[in-house]
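Report on the structure
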Amino acid sequence: MLVGGASTSILVVFLIFLFLGKEAIPFIEEPGLGSLFETRWIPVTFKQQAFGVLPLFTGSLVVTVLATILLLPFGVFGAIYIAEIGSSVERSFLKPFIEVLAGIPSVVIGFFGLVVLSPALKYVFNLNTGLTAITGAILLALMAIPTVISISEDAIRSVPAAYKEASLALGAGKLQTIFRIIVPAALPGIIAAIMLGMGRVIGETMAVLMVTGNAAKITFNPFDSVRTMTATIAAEMGEVAFGSQHYQALFWVGLILLVITFGLNIVAQKVLRKYQIR
Amino acid sequence: MKEKLQLLTALMLTMSLFFACSKGKNDGDGSTYLTIKGSDTMVHLASSWAETFMDEHKGADISVTGGGSGTGIAALLNGTTDICIASRSIKQKEIELAGSKGIEPIELATARDGIAVVVNPQNPVDVLTIEQIGKIYIGAYTNWKQLGGPDKEIVVLSRESSSGTYVFFQKRVMSKKDYTRDAMLMPSTSAIVQSISQDKWAIGYIGLGYAFEAKDKVKMLQVKENVEAPAVIPSVATVQSGEYAIARPLHFYTNGTPSGSVKSFIDFVLSEEGQKIVLETGYVPVN
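Residues numbered from 1 in each chain as written. Chains lettered and ligands numbered in written order. Predicted model: local features only at pLDDT ≥ 70, side-chain atom pairs only at ≥ 80, totals over all residues.

This brings us to helix 3 (residues 54-85) of chain A. Given a rise of 1.5 Å per residue, 32 residues ought to cover 46 Å, and the 45 Å separating the end C-alpha atoms of helix 3 of chain A matches this to within 8%. In the structure, helix 3 of chain A departs most strongly from a straight axis at Leu71 of chain A, where the bend amounts to approximately 35° and where the proline Pro73 of chain A lies between one and four residues downstream. (Helix = DSSP H or I, 4+ residues; strand = E, 2+ residues; numbered from the N terminus. Expected span 1.5 Å × (residues − 1). Bend = angle between axes of the 7 residues up to and from the residue.)

In structure tokens:
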């Protein structure tokens, strides 16, 4: 029974791959896989449909990269502070709030983004509209910060105390010890934390659907509107004709997304395991 | 909304199971069984009518399903629905097909649906022609100065491509051309209202009912059918009279002149109470 419980998730992942693939396969014959590499995504039209995933892919890419850049300082410095510098009183205060942040439903964060963040960004950067890639990236960074802080903090804490004591005994200052000894020793764990955070960012749907504007165009400008892969699936799956090319194309988008997050998770696990052996 | 529909469908399914034995339109004990099928735009309206009608007529049992106007008309021709709801007129081809099957579709306008084109209240532009609006949405016009406004870029807002309004707007206003790639697809009407109230140079389209509710947040544009035509502000009166150009009739189609329970439902729909429901659900009554 225990084995069964443990292996259920493996079975579920396998079945998800299987059924996504099953729905997506007819697309290979008509209109062919090549059409996924077109530059336009026009599923509803009176003319020629186009199912180019590229604009959606770049949309997800821009949002994810931006969110990761924002995530880095907050996640890593936050973890260092909580693990090494902050007093135990501060820690007992900070930790619960970070966990609360992790528990806020994404639709609520999205609403906050739509009503508060997007007008603020529009005003600060003097934009035409606040519905941009950067708006989505900030919200996603907010959502992923708790993941990154918790796992990085664990990594920092599990650096053997002897390293720290040796460093201090040799006359290194506190900050020197943190940045020259502890952080390098905990680096694999921190990298894994960031990758898991990225996995959360790529897969997040509701908040980006609400604030990124969802214009399917290829752009790398953070202040432009983008349409992510997840938002596309969420917005279009509900009304699509069952079994149509559009339906199959959405399953391809899902498959691509799954492969990306799967890959990120595997790499993160590898890095984590390497770190545990040390 | 979608969950509500699913719930409704599930409810209808269970009910149809229960009443499977009383299939006939009029049963011995006076109960009525009616099916309505067709346009997704009209599903909400039709279920509101059905709910009120069922409250008032104990024993009445009406099932409402969507699927699109085409699906509804096909069902009428196959004799699998009593009433077809359609947000477009029946095509010549479909009338011919009906003739060959011995079915005589009768059209009845039950409500009208108007789409308001809205901008920020601070936007000085008040009047646009259909052609100008179309050119904004296909990306031919990108700056308000091309339309007599200030030198500001136009922020184009649209509904998601899954919305029936997206397709109707494309057909009626954009001469079936594709939306510009810069068009931002908003997940809901309220998101469009929210953005327009904040983005001074945005333009969007929303159902008339929502536009009335959001009067203080957005400005409805007056629309001209063509350059010579008069500018028409969207209102219940102008949509009713057909003067306002971006509107469509919402039809019922029945097989032959309605009689029996179909007729009593239609009488209810056209009654003052039925037409009040039309207004409440955000559409425009026919009379």
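Turning to the environment of Gly199 of chain A, a few remarks are in order. All names here are of chain A. Along the chain, Gly199 turns up in helix 8 (residues 174-203). When the C-alpha positions of Gly199 and Thr64 are compared, they lie 9.0 Å apart, and in sequence the two are 135 residues distant. With residues near it in sequence (within four places) discarded, Gly199 still touches Thr261, Leu264 and Asn265. (Contact = placed C-beta atoms within 7 Å.)

Next up on the list: the packing of helix 3 of chain A against helix 6 (residues 133-157) of chain A. Residue and element names in this part refer to chain A. Across the interface, helix 3 lies against helix 6 with an axial gap of 6 Å and an inter-helix angle of 35°. At the point where helix 3 passes helix 6, the crossing takes the right-handed sense. Along the lines of polarity and charge, the residues of the contact of helix 3 with helix 6 split into 23 nonpolar, four polar and three charged. (Axes fitted to C-alpha atoms, helices over the stretch in contact; angles between N-to-C directions. Left-handed = near helix turned anticlockwise from the far one by under 90°. Nonpolar A, V, L, I, M, F, W, Y, C, P; charged D, E, K, R; others polar.)

Turning next to the environment of Gly254 of chain A. All names here are of chain A. As for its position among the elements, Gly254 is in helix 11 (residues 245-277). Exposure remark for Gly254: the 19 C-beta atoms within 10 Å place this residue in the partly exposed category. Dropping the residues within four chain positions of it, Gly254 is found in contact with Leu20 and Ile233. (Buried ≥ 20, exposed ≤ 12 C-beta atoms within 10 Å, placed from the backbone.)

Here the focus is the interface of chain B and chain A. Contacts between the two partners involve 24 residues from chain B, matched on the other side by 25 residues from chain A. Mapped onto the side of chain B that touches chain A, the elements with two or more residues apiece are helix 6 (164-172), strand 7 (184-186) and helix 7 (189-198) of chain B. Looking at which element gives the most residues to the side of chain B that touches chain A, the answer is helix 7 of chain B, with four residues. Its residues placed into classes, the side of chain B that touches chain A shows ten nonpolar, six polar and eight charged.

Another aspect to go through is the nonpolar core. Ranked by internal contacts, the top residues of the largest apolar core, which has 141 residues, are Leu140 of chain A together with Val117 and Val118 of chain B. The biggest single contributor to this core is helix 6 of chain A, with 16 residues. In contact with Val117 of chain B, other than residues within four places in its own chain, are Leu128, Ile133, Ile203, Tyr205, Leu221, Val223 and Ile246 of chain B. (Core = buried A, V, L, I, M, F, W, Y, C linked by C-beta atoms within 7 Å.)

Moving on, we get to the pairing of strand 4 (residues 105-119) of chain B. Residues and elements named next belong to chain B. Strand 4 sits mainly inside the fold: eleven of its 15 residues count as buried. As paired strands, strand 4 and strand 11 (residues 247-255) are joined by nine bridges and run antiparallel to one another. Looking at the pairing, Ala111 lines up with Leu250 of strand 11. Pairing between strand 4 and strand 12 (residues 284-285): two bridges, direction antiparallel. Residue pairing in the sheet places Arg112 in a bridge with Val284 of strand 12. Pairing of strand 4 with strand 8 (residues 202-207) involves five bridges; the strand directions are antiparallel. Residue pairing in the sheet places Val117 in a bridge with Tyr205 of strand 8. (Pairing = 2+ DSSP bridges.)

Our next topic: the confidence of the model for chain B. Residue and element names in this part refer to chain B. Overall, the prediction assigns chain B a mean pLDDT of 86, with 89% of residues at 70 or greater. When the elements of chain B are averaged for pLDDT, helix 1 (residues 2-18) gives the smallest value, 52, and helix 5 (residues 130-138) the largest, 96. Below pLDDT 50 for its whole length, residues 17-29 participates in 13 contacts with residues either more than four positions away or in separate chains. Of the two predicted TM-score estimates for the complex, the pTM is 0.79 and the ipTM is 0.83. (pLDDT = per-residue confidence, 0-100.)

The next point concerns helix 10 (residues 260-270) of chain B. Residue and element names in this part refer to chain B. Buried residues of helix 10: Val262, Phe265 and Val269, and no others. Projected onto a plane normal to the axis of helix 10, the buried residues spread over an arc of 65° and lie on a single side. Turned more than 90 degrees off the buried face of helix 10, the exposed positions are Gly260, Lys263 and Asp267. Summarising the contacts, the buried residues of helix 10 are in contact with strand 1 (32-38), helix 2 (40-56), strand 3 (83-86), strand 4, strand 11 and helix 11 (272-280). (Arc of directions from axis to C-beta.)

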